[in-house]
Every structure is written in C-alpha cells, then in structure tokens.
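# Geometric and topological summary
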Amino acid sequence: MSAPPDRSVDALGTWCPVPVTMARETIARMAPGEVLEVLADDPMVFLDLPAWCHDAGHEVLSMEQRRDIITSLIRVG
Amino acid sequence: MSAYLDHASAWPLSEAVIAEMGRWARHVGSPMALHEAARGPATVLSDARVEIAAITGWPAESVIFTAGPTEARNLAAKGALSAAGESAPTIVTDPLAHAATLAVARTLTRRAGNLRLAPVDAMGRVSPADLASLAAATDEEPGGPGWPPLVVVTHGQAEVGTIQDARALASAVRTACPDALVLLDAEETAGLIPLDDGLGADLVVIGGRTLGAPAWTGALLVRPGTHLHPLVEGGLEEGGKRGGAHDVPGIAGLAAAARETRADRDARIARMRARATALTEGLCAVPRTRLNGPPVAERLPGHVQVSADGVEGEAVALAMAARGVAVSPGSACTFGAGKASPVLEAMGHDEESARSAVLLTAGPSTTEGEVTEAVAAYAAAVEALRGMAPA
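Computed from a predicted model, the values in this text were never measured in an experiment.

Here we come to the domain arrangement of chain B. Reports of interface size often rely on the accessible area that becomes lost once the parts have come together. Residues and elements named next belong to chain B. For chain B, the assigned domains are domain 1 (3–10 + 265–388) and domain 2 (15–259). For domain 1 versus domain 2, the separation of C-alpha centres amounts to 28 Å. The partner domain 2 presents 27 residues to the 27 residues of domain 1 that form the contact. At the boundary of domain 1 with domain 2, total buried surface from both sides reaches about 2000 Å², with 61% on carbon and sulfur atoms. Taken as a group, Leu 300, Val 343 and Met 347 account for 30% of the area that domain 1 buries against domain 2, more than any other trio of residues on that side. At the junction of domain 1 with domain 2, the criterion picks out one salt bridge. Glu 298 is paired through a salt bridge with Arg 125; the nearest N and O atoms lie 2.8 Å apart. Counting every contact that joins domain 1 to domain 2 gives 10 residue pairs in polar contact (both at pLDDT 80 or more). Of all the elements in the fold, those that place two or more residues in the side of domain 1 that touches domain 2 are α7 (248–284), β10 (303–308) and α9 (342–346). Looking at which element gives the most residues to the side of domain 1 that touches domain 2, the answer is α7, with four residues. Split by residue class, the side of domain 1 that touches domain 2 holds 13 nonpolar, 10 polar and four charged.

Laid out in structure tokens, this is it:
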C-alpha cells in the first residue's frame, strides 16, 4: 500500500483547465519529491494532467478512475 | 421605527463591521489578480477563511463563501448529490426545515428519488430514532440508486425557535447508515451555539446574520474528504466550488462580525435571553395569548413566537408597524403567501392558531425600552383587531 499523499487537490466538478491550474498552484507550494493527489471527474485530465506534468518536470505516478472520480498521484519534480 | 424586534430578518451591523466593509468597498483590486492591489483583498479572504473555519474547527480550506445561507443550502444539497453521481436521490429531513431546504429537496426528487420527512413533536423536535430509520430505510442498496441518502438537520428553527440535538441526530443517522451525507443547517445558530466538528455533519450551512454580519453573507463548510460539485460554475474561485467574483467587503464584514461574536458570545446570549424572557411574559399577559414552541431557556436566544385567539398574525404585524414596532408574521420567510404556517401545522396547531402567529426576535442590542414598547403595541393591536371582528 502506497504512502498517503503530502497534499490533495479536490477539483471535482470543474472542467479542464481548472484541475491542472489547481494542481499547478498547489505544487508551487510543495517541495521536490512530495506527492500531490488530484481528484477530478473531467475525463480530459487523462490528457491534460500528464501533458502538463511532462512540460513542468513532474512525474505522474498513477491515474485511476473509480465510478466518476479520477484520482491522480503526481510526484513533484 | 421606535422598536426593532425583527432580528430574524436582519441584524444591525456594529460600527466595526461597517468600518471593515467600507474599507474594502473603497479598495480597488481583485483578490485573484497578480499585482500589488490584489494583496489586500487576498489577505482578507485568507484571514476570513481561518476565522469562519474556526466555527467548526475544520481547516480553512473547508470554507466556501456564498451569497447567504440559501445559496449555501443549494450548493450543499445539489453539489453533494451531483458529486455522488446521484440522479434519483433519497433526501431525509423534517417538515420544519427551512423553506429553501424543502424547495431544493423537492426539485432534486421531482422526477426520481424519495423525499422523506421525519415527524416532529409538539415542540418541533425530531427523534434521532425516527430520522435514523428513515435514512436507513431498505428501499435503497449501497452503491445503487438513491444511495447514499442526504439527511438535512435544521439546528435552529426560524419560526418557532426549536433547537435540535443535532449531534445526537447526526450520530443516530451515522450508526444506522454510515454512508449517509449529513447536512447541518446552522443559519440560526452560527455564532450563538457552538458547532464544534460541525456537530458530526459533513456539510454545515452558516449565515452572516446571527454573527452580526449582513444577511446576504454566508458560507458552506465542508468536512475534509466530502465530495462536492459547484453549483455556480466558473473558474478557480473558492477552490473551484463557487465561481464568480468575491464579495470582498461582505466577506470582510462576515469575518469581523465572527471575531466580535466569538469574543462576546456568552454575554450577548444572556442579553438576548433576558429580553426574550421579558417579551414572553409581557406578550403572554395579553388575554388568550400563548407562546409557540419551547420555553425561552430551551429555544433560540432572543426568539419569541406567540399566537392569540381571534386575530391574524399579518394584521397584528401591520398594526404594530403602524405603532413603530418592527416584527414579522409567524414566519419571516413565507410572509405574503396567504397560507397558515406549515411549521405550526406540523407541530399540531390548528389553522387559526397557525394564522395568528407573530414572531418577535431580539438581538444583542435590543433594549428594555424596545421590549416595553413592543409589548404595549402588541396588546393594543390585538385589542383593536379583536374589537373589529364581527360579533
């Protein structure tokens, strides 16, 4: 079982690019190596979040969908 | 106006609250902007979030500022059920819930779902066992339609002043139905009665009025881990849960009022209860007049509702207004509907008693003189109206 994330962003009910923007604002206050959890239910996060992480130098550890909720774990680069 | 006894509608603002609101009304700059002018409004929001979150003890991020408690009720119910993916919800509440709560519940269950109302006793109290059994009714299965149920507990009842044992109600619901979403409507109690840990609820509605802030201010407090969709969609404001520009002056006033109330709560409750006691004694000395709802010590501070034989509450309120005394007919919220109060009818009052109800609500600054004037105006109004009635 993986360790709990250091921070969490609840972007449920918002549409891209808001989840990515919320993730970016939170990561700006985190240290390299920490893990952010992002909760979202816009399927576009499957595309937008990895694309932004790639550009910004963060690592997507996992993206899982359960019912409508997509849970992403990102390690801050 | 020589006597103001309508704090159920609006409270006077303190000079400190007015000053804080005025300061930020004059300031130019959005809290969402990047430049220097944003710093002040952004600080107002973050400080206010900490102040309001302290009402429940939850983190600052739990606070979503709204335009008053009615928006917060809508956001809580519609947002939580939307996030749960629920299109045929089960909603459990009671007939004494705020009119906005009942309207939202009817809208959400208009096409599919169930609205269940728990019975109330003669004092307007809901039994934890009744509420829990409705929440755990076997029509729904975990993971299926109507699951989890949304249970709405109205902490303080605006018309009759009943205070529910919200923690016992939430606890009973949790025991019977651990997945239930519990919404606490604390519009009438925020700032007057402690709401530590939201009294066990997942979502807590507060309004500015009982804190001494404008009635158009309020917030929804969301227990960490509770999922919510926005009602008003927009951008990043309020963590994506409430789009649109912030009412910075209103939020500044809300926080200033909350600070004042926190420092002075016990004293202001004592003043309000003393005024309610004097009002109740004076009003009930008018022949064939009686208090509706619980006794003063067990009801909302400052809250008095009476019914008198042979008069209409609306006519009494208008006659008192003509004498310079501000009160409401039985309900401050449903005035003008031309119907007897469904709240009083649910508590077992007949239609005449329900129609004759008048609501008088004292605040921390209400004086003994205002109480004396109100009692005299009430007695004169009832006597005059009874004299006009056909023999």
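Our focus in this paragraph is the pattern of salt bridges. Residue and element names in this part refer to chain B. Considering all chains together, one arrives at 18 salt bridges over all chains under this definition. With its nearest N and O atoms 2.7 Å apart, the salt bridge here joins Glu 188 to Arg 209. In this pair, Glu 188 sits in the loop between β6 (181–185) and β7 (203–207) while Arg 209 sits in the loop between β7 and β8 (218–222), placing the two residues 21 residues apart along the sequence. Judged by relative accessible area, which is 11%, Glu 188 ranks as buried. Its relative accessible area of 4% is what places Arg 209 among the buried residues. The network of salt bridges with common partners includes Arg 73, Asp 185, Glu 187, Glu 188 and Arg 209.

Parameters and conventions
Residues numbered from 1 in each chain as written. Chains lettered and ligands numbered in written order. Predicted model: local features only at pLDDT ≥ 70, side-chain atom pairs only at ≥ 80, totals over all residues. Heavy atoms only, no water. Domains from an automatic or database assignment. Contact = heavy atoms within 4.5 Å. Buried area = accessible area lost by both parts, 1.4 Å probe. Salt bridge = Lys/Arg side-chain N within 4 Å of Asp/Glu carboxyl O. Polar contact = N/O pair within 3.5 Å; in protein donor to acceptor, adjacent residues only side chain to side chain. Helix = DSSP H or I, 4+ residues; strand = E, 2+ residues; numbered from the N terminus. Nonpolar A, V, L, I, M, F, W, Y, C, P; charged D, E, K, R; others polar. Buried < 20%, exposed > 50% of the residue type's maximum accessible area, 1.4 Å probe, protein only.

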